[in-house]
Amino acid sequence: MSDPSEGKNILERVPIDPPFTLSDLKKAIPAHCFERSVIRSSYYVVHDLIVAYVFYFLANTYIPLLPTPWAYLAWPVYWFCQASILTGLWVIGHECGHHAYSDYQLIDDIVGFVLHSALYTPYFSWKYSHRNHHANTNSLDNDEVYIPKRKAKVAVYSKLLNNPPGRVFTLVFRLTLGFPLYLLTNISGKKYGRFANHFDPLSPIFTERERIQVVISDIGILAVLYATKLLVEAKGAAWVTCMYLIPVLGVHMFFVLITYLHHTHLSLPHYDSSEWNWIRGALSTIDRDFGFLNRVFHDVTHTHVLHHLISYIPHYHAKEARDAIKPVLGEFYKIDRTPIFKAMWREAKECIYIEPDEDSEHKGTYWYHKM
């Protein structure tokens, strides 16, 4: 089925008032797409773990045998391959947080907790803040992350970095440190009355009933840190860094890249409280094409519009469900097939701040602009 956006200017703004409801979209999706299978979901976990082990075995066994120049080339290949497959496991952990892994919440939380903790992500803490993001997507007042600034609030350093070298620095900083800083300091997140992060159980991000699970998330991260310490003592810091820590950093980089491109695009609006509603916000995302990595990432890259509308559909049904709602979505659906590096550079250059159109009656609808 062809995409509604094919042949059109991909940067053309999406409409803001859908003529359909969430119920209309659900009715268009085959009933089996809503079915979750613990056996099928577990197959993908086992598959990815086997592939990750094969990559580890090959790197650990053969790279040390290579002459020095070849080893320097082989390590980045391993890091890319291992980070890619581990990102697939991270995506499955993310599905657990949406109760899309199985029909049993306890199983979902156990699997998600183990997978995310191993990849230095506090499972329950991120699950709850991510839930808030889904509930308030593209709301300037209540969204949890990727909240752009208005022109008057653009920092001086952003203006100084508005040039090719500055954009390179900004992108490298965002990809490498963006996720850890978001977890630690809530950078680019919702502004609360006080300091907020994902490790403090008393953080304003969380409700009273969620605080004990934030502690459990912290225990999971501490356990992985301790296991990493034991590995360093047994194998050495260089070995642990090359075999494990750099691939995990790669997972975080892929996650930031994917979500940044899903939520940053000239065609997508943001809303203040005077105009935001849930369906408007959920439709203000865009699918991306990561080529062969779409499959490695369990299709999260090009089914994101569907995911924000119905987040509990498992990834192995997501493409079919996406294609089923395309005729209903019409021009409200967009996929940008621009090559990823080109798209990343374009968004960093063009999407600097947001402002409403001066001649528009929708004063609470904001669009991206460049400096």
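Cut-offs and rules
- Think of each chain on its own: its residues are numbered from 1, step by step along the sequence as written.
- For a predicted model such as this one, the threshold for reporting local features is a pLDDT of at least 70, and the threshold for listing and counting side-chain atom pairs is 80 or more; totals across whole chains, interfaces and linings nevertheless cover every residue.
- Note: side-chain values were computed over all heavy atoms of the structure, leaving out hydrogens and water.
- We count a stretch as a helix when DSSP gives it H or I for four or more residues in a row; a strand needs E for two or more, and each element gets its number in order from the N terminus.
- For the radius of gyration, the atom set is restricted to C-alpha positions; the globular benchmark scales as 2.2 Å times the number of residues to the power 0.38.
- Burial classification: accessible surface area is computed with a 1.4 Å probe over protein chains only, and a residue below 20% of its type maximum counts as buried, one above 50% as exposed, and the rest as partly exposed.
- Any two residues whose heavy atoms approach within 4.5 Å are treated as being in contact.
- Areas reported as accessible are Shrake-Rupley estimates using a 1.4 Å probe. Residue values count occlusion only from the protein chains shown.
- The sign given to each residue is positive for Lys and Arg and negative for Asp and Glu; His and the chain ends receive no count.
- Note on charges: their place is set at NZ of Lys, CZ of Arg, CG of Asp or CD of Glu.
- Working definition: a ring pair exists when centres of Phe, Tyr or Trp rings (six-membered ring for Trp) sit within 6.5 Å. Plane angles under 30 degrees give stacked, over 60 give edge-to-face, the rest tilted.
- One requirement defines pairing of two strands: DSSP has to find at least two bridges between them.
- In this scheme, a helix's expected span is set at 1.5 Å multiplied by one less than its residue total.
- Within the patch definition used here, like charges are joined within 9 Å and nonpolar side chains (Val, Leu, Ile, Met, Phe, Trp, Tyr) within 5 Å, considering only residues with over 30% relative accessible area and no salt bridge.
- Any Lys or Arg side-chain nitrogen found within 4 Å of a carboxyl oxygen on Asp or Glu counts as a salt bridge.
- UniProt positions are given in the numbering used here, feature names are shortened, and annotations may be inferred rather than shown by experiment.

(A) Region of the structure containing the overall build of the chain. Broken down by element type, the chain carries 14 helices and five strands. Taking 371 residues into account, the globule formula puts the C-alpha radius of gyration at 21 Å, and the chain, at 21 Å, falls close to it. Along the first, second and third principal axes, the C-alpha atoms of the chain reach 65 × 50 × 45 Å. For the chain, the residues scored as buried account for 53% of the 371 residues in total. Across the chain, every contact between residues at least 6 apart in sequence was considered, and the portion connecting residues at least 24 apart equals 70%. In the form shown here, the chain has an accessible surface area of approximately 17400 Å², with 66% of it arising from carbon and sulfur atoms. Taking the 35 positively charged and 35 negatively charged side chains of the chain as two groups, their mean positions are separated by 5 Å.

(B) Just the packing of aromatic side chains, in detail. This model, assessed by the stated rule, comprises 21 aromatic pairs. On the numbers, 4.9 Å between centres and 70 degrees between planes, the contact of Trp90 with Trp126 is edge-to-face. Separated by 36 residues along the polypeptide, Trp90 in helix H3 (residues 68-97) and Trp126 in helix H5 (residues 123-135) bring together distant segments of the chain. Residue Trp90 shares its accessibility class with Trp126, and that shared class is buried. Plain terms: the ring middles of Phe254 and Phe297 are 5.1 Å apart, the flat faces sit at 65 degrees to each other, and that makes the pair edge-to-face. Here the residue Phe254 occupies a position in helix H9 (residues 237-263), and Phe297 occupies one in the loop between helix H11 (293-296) and helix H12 (304-309), the gap between them amounting to 43 residues. The exposure class assigned to Phe254 is buried, which follows from its relative accessible area of 12%. Ring-pair connections join several aromatic residues into one group, and the members of that group are Tyr53, Tyr56, Phe57 and Trp239.

(C) Quick peek at the pairing of strand E5 (residues 365-369). Counting buried residues in E5 gives four out of five residues, a clear majority hidden from the surface. Strand direction decides the pairing type here: strand E1 (residues 270-271) and E5, joined by two bridges, are antiparallel. Directly across from Tyr271, in E5, lies its bridge partner Thr365. Two strands pair when backbone bridges link them, and strand E4 (residues 353-355) and E5 are joined in this way by three bridges, in the antiparallel orientation. The residue bridging Ile354 from the neighbouring strand is Tyr368, located in E5.

(D) Structural detail: the sheet that holds E1. The sheet built from three strands is open, its strands ordered E1-E5-E4 with antiparallel pairing. The open sheet is flanked by E1 and E4, the only strands paired with a single partner.

(E) Focus on helix H13 (residues 315-329). A rise of 1.5 Å per residue sets the reference length of H13, with its 15 residues, at 21 Å; its end C-alpha atoms lie 20 Å apart and thus fit the reference within 8%. Buried residues of H13: His315, Tyr316, His317, Ala318, Ala321, Arg322, Ala324, Ile325, Lys326 and Leu329, and no others. Of the surrounding secondary structure, the elements contacted by the buried residues of H13 are helix H1 (22-28), helix H2 (38-62), H3, strand E2 (287-288) and H12. Where H13 terminates, the next one or two residues include Gly330, which has phi positive at roughly 55 degrees.

(F) Representation of a nonpolar patch on the surface. A cluster of nonpolar side chains, namely Val46, Ile50, Tyr53, Val54, Phe57, Leu58, Tyr62 and Leu65, defines an oily patch on the protein surface of about 800 Å² accessible area. By secondary structure assignment, the location of Ile50 is in helix H2.

(G) Highlighting the UniProt feature "transmembrane region" (unreviewed entry) in the chain. When the UniProt feature table is mapped onto this chain, "transmembrane region" (unreviewed entry) is found at residues 44-63, 69-92 and 238-261. The straight-line gap between the two end C-alpha atoms of residues 44-63 is 28 Å; of that span, 95% is helix and 0% is strand. Spanning residues 238-261, this segment combines 100% helix with 0% strand, and its end C-alpha atoms are found 33 Å apart.

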